[in-house]
Amino acid sequence: MLPWTALALALGLWLALARSGAERGPPASAPQGDLLFLLDSSASVSHYEFSRVREFVGQLVAPLPLGAGALRASLVHVGSQPHSEFPFDRHSSGQAVQDAIRASAQRMGDTNTGLALAFAKEQLFAEAAGARPGVPKVLVWVTDGGSSDPVGPPMQDLKDLGVTVFIVSTGRGNLLELSAAASAPVEKHLLFVDVDDLHIIAQQLRSSILDAMQPQQLHASEVTHSSVRLAWPALLTADSGYYVLELAPSGELGAARRQQLPGDATGWTWAGLEPDKEYEVSLLPESNVRLLAPQRVRVRTLPGEAGPERIVISHTRPRSLRVSWAPALGPAAVLGYVVQFGPLRGGAAQRVEVPAGLNSTTLQGLSPGAAYLVTVTAAFRSGRERALSAKACTPAGERSRAPRPPGPASLALSPPGPPEPRARVGLPAAAGEARTGR
């Protein structure tokens, strides 16, 4: 009886383990995708700045799981003409990629970023460059913010093809343009940081890259308050079947929306969704060649009380600048805005309150040739707050002239002006990060 008892116990244990494994589902697969770094290597970047960026990118990739069946990395320089430092299939380990990045040399020349983006598009989808079809594509653009040619159209072409775009800005630039270029949500994909503080965002950016590389099945990205982009690997071909994509509010399957897509499709954007609502999405591959299981994912849109979404810095002077922002969603629920600003290299922050009906203000009393972190916070009647930060730089002041001899007019004393806003400490830890509601 003992052998039969032992056999029964072993069989019961095996069934229990199998059942628990089935409940847990298959183990998570290793991240897989093509990762392209686009570095500003033009003459607009100093040799010191380029060396710091190069060191940062090397540290960023060293711990990543690179290899034939995992991630692959490539590096392209921005200059007068784009230059490929190494293709995707050149190096098979993080250490090898790190060594290659550190050995790369600055190219100099003009900052033709748009031309480099068009080149990057070819590299990301060209098998001759080591790119692989059907895997996630991620672009990390590290820039000081400037470009000699248009960036918007070629960047939109990349995003339309499903490329996730991260931007790391280390200096000046058109903040509106950079916000439009990065993937949504902007606060996750656009990071502002001083070139000497790049290490602060390394772990955050690495985790975001791995998240973007994980989707080996249906997943959601670029989630806003009214839309979501869905993507999936290439399960079919144009002549082997088609997809049926279904979207419905959770618990309201009768209100499902359906979209039929060709077999070579790998993405679709749903628009016209309700804010702060959970949706269930199903991808149904229909094929006469082989049976494929449906894929499902849940996604929640951002709250309706969203904003400010973009910050624009303009009219910069040595001691002042103007900050504007896209008004928060749901203006009737906005109590007002608070603008905080302070020097990036340490110092007290100042605070300016702006009424709900306005979306801009001029900051005074700044220092010439200094970098500031500006944070705009929208306060809602519900008690929640939404904030977004941006980096701004004042130009250096004009060379001082020899003082003129005092005349009668200059001896008159001006009446004292309004008091400066009192200093307040407490800026966000990293530029470009948006705080969530409380």
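Shown above is the structure to which this text applies.
Residues numbered from 1 in each chain as written. Predicted model: local features only at pLDDT ≥ 70, side-chain atom pairs only at ≥ 80, totals over all residues. Heavy atoms only, no water.

(A) Fine view of the sheet that holds strand S11 (residues 267–270). The strand order across the open sheet built from 3 strands is S7-S8-S11, with neighbouring strands paired in antiparallel fashion. Every interior strand has two partners, whereas the edge strands, strand S7 (219–221) and S11, have only one. Strand-to-strand twist of the sheet, defined as the mean angle between neighbouring strand axes without regard to direction, takes the value 30°. Inspection of the sheet shows S7 paired to strand S8 (residues 228–231) by 3 bridges, in the antiparallel sense. Bridging across to S8, Ala-220 finds its partner in Leu-230. (Pairing = 2+ DSSP bridges. Helix = DSSP H or I, 4+ residues; strand = E, 2+ residues; numbered from the N terminus. Axes fitted to C-alpha atoms, helices over the stretch in contact; angles between N-to-C directions.)

(B) Examining the environment of Asp-276 more closely. You can see Asp-276 is positioned in the loop between S11 and strand S12 (278–287). In this structure the C-alpha to C-alpha distance between Asp-276 and Thr-301, which are 25 residues apart in sequence, comes to 4.9 Å.

(C) Geometry of helix H2 (residues 47–61). Taking 1.5 Å of rise per residue, the 15 residues of H2 would be expected to cover 21 Å, and the 21 Å separating its terminal C-alpha atoms lies within 8% of that figure. For H2, the complete set of buried residues consists of Phe-50, Val-53, Phe-56, Val-57, Gly-58, Leu-60 and Val-61. (Expected span 1.5 Å × (residues − 1). Buried < 20%, exposed > 50% of the residue type's maximum accessible area, 1.4 Å probe, protein only.)

(D) Summary view of the packing of aromatic side chains. Summed over the entire model, instances satisfying the criterion amount to 3 aromatic pairs. The positively charged end of Lys-137 is found above the aromatic ring belonging to Phe-125, 5.5 Å away from the centroid. (Phe/Tyr/Trp six-rings, centres within 6.5 Å; stacked < 30°, edge-to-face > 60°. Lys NZ or Arg CZ within 6 Å of the ring centre and 35° of its normal.)

(E) The packing of helix H4 (residues 113–125) against helix H5 (residues 152–160), seen in detail. Two numbers describe how H4 lies on H5: the axes approach to 8 Å, and their chain directions differ by 20°. With respect to each other, H4 and H5 are oriented roughly parallel. The handedness of the crossing between H4 and H5 comes out as left-handed. In this structure, H4 contributes Gly-114, Leu-117, Ala-118, Lys-121 and Leu-124 to the contact, and H5 contributes Pro-154, Met-155, Asp-157 and Leu-158. For the contact of H4 with H5, the per-class residue count stands at 6 nonpolar, 1 polar and 2 charged. (Parallel < 35°, antiparallel > 145°, perpendicular 65-115°, else oblique. Left-handed = near helix turned anticlockwise from the far one by under 90°. Contact = heavy atoms within 4.5 Å. Nonpolar A, V, L, I, M, F, W, Y, C, P; charged D, E, K, R; others polar.)

(F) Structural context of the pattern of salt bridges. Tallied over the full model, the rule gives 12 salt bridges. When the shortest N-O distance is used, the salt bridge between Asp-276 and Arg-300 registers 3.5 Å. Here Asp-276 is found in the loop between S11 and S12, whereas its partner Arg-300 is found in strand S13 (residues 295–300), with 24 residues between them in sequence. Close ionic contact of Glu-278 with Arg-298 constitutes a salt bridge, the shortest N to O distance being 3.8 Å. With Glu-278 in strand S12 and Arg-298 in strand S13, this pair connects stretches of sequence that are 20 residues apart. For Glu-278, a relative accessible area of 25% puts it in the partly exposed group. Using a relative accessible area of 55% as the deciding quantity, one classes Arg-298 as exposed. Connected via shared salt-bridge partners are Asp-34, Arg-132 and Lys-137. (Salt bridge = Lys/Arg side-chain N within 4 Å of Asp/Glu carboxyl O.)

(G) Broad picture of the sheet that holds strand S14 (residues 311–317). Taken in spatial order, the 3 strands make up an open sheet running S14-S15-S18, and their pairing is antiparallel. What marks the edges here is a single partner per strand, and that holds for S14 and strand S18 (360–364). The mean inter-strand angle of the sheet, taken between neighbouring strand axes irrespective of direction, is 20°. As paired strands, strand S15 (residues 320–325) and S18 are joined by 5 bridges and run antiparallel to one another.

(H) Spatial organisation of the pairing of strand S20 (residues 385–393). For S20, the buried fraction is high: 7 of the 9 residues fall into the buried class. As paired strands, strand S19 (residues 371–380) and S20 are joined by 9 bridges and run antiparallel to one another. Note on S20: the bridge partner recorded for Val-376 is Leu-388. In this antiparallel pair of consecutive strands, S19 and S20, the connection spans 4 residues, and Gly-383 shows a positive phi of 100°.

(I) View of the nonpolar core. Ranked by size, the top nonpolar core spans 47 residues in total, and within it Leu-38, Leu-139, Met-155 and Val-323 carry the most contacts. In this view, Met-155 contacts Leu-117, Leu-139, Trp-141, Val-165 and Ala-181; residues no more than four positions away in its chain are not counted. In terms of nonpolar packing, the next biggest core, distinct from the first, is built from 32 residues, Leu-66, Val-97, Ala-202 and Ala-212 among them. (Core = buried A, V, L, I, M, F, W, Y, C linked by side-chain atoms within 4.5 Å.)

(J) Structural view of the side chain of Arg-229. If you trace the backbone, Arg-229 turns up in strand S8. Polar contacts involving the side chain of Arg-229 include one to the side chain of Thr-269, which spans 3.2 Å. Those residues in contact with Arg-229, other than ones at most four positions away along the chain, are Lys-159, Asp-160, Gly-162, His-219, Ala-220, Ser-221, Glu-222, Gly-267, Trp-268 and Thr-269. (Polar contact = N/O pair within 3.5 Å; in protein donor to acceptor, adjacent residues only side chain to side chain.)

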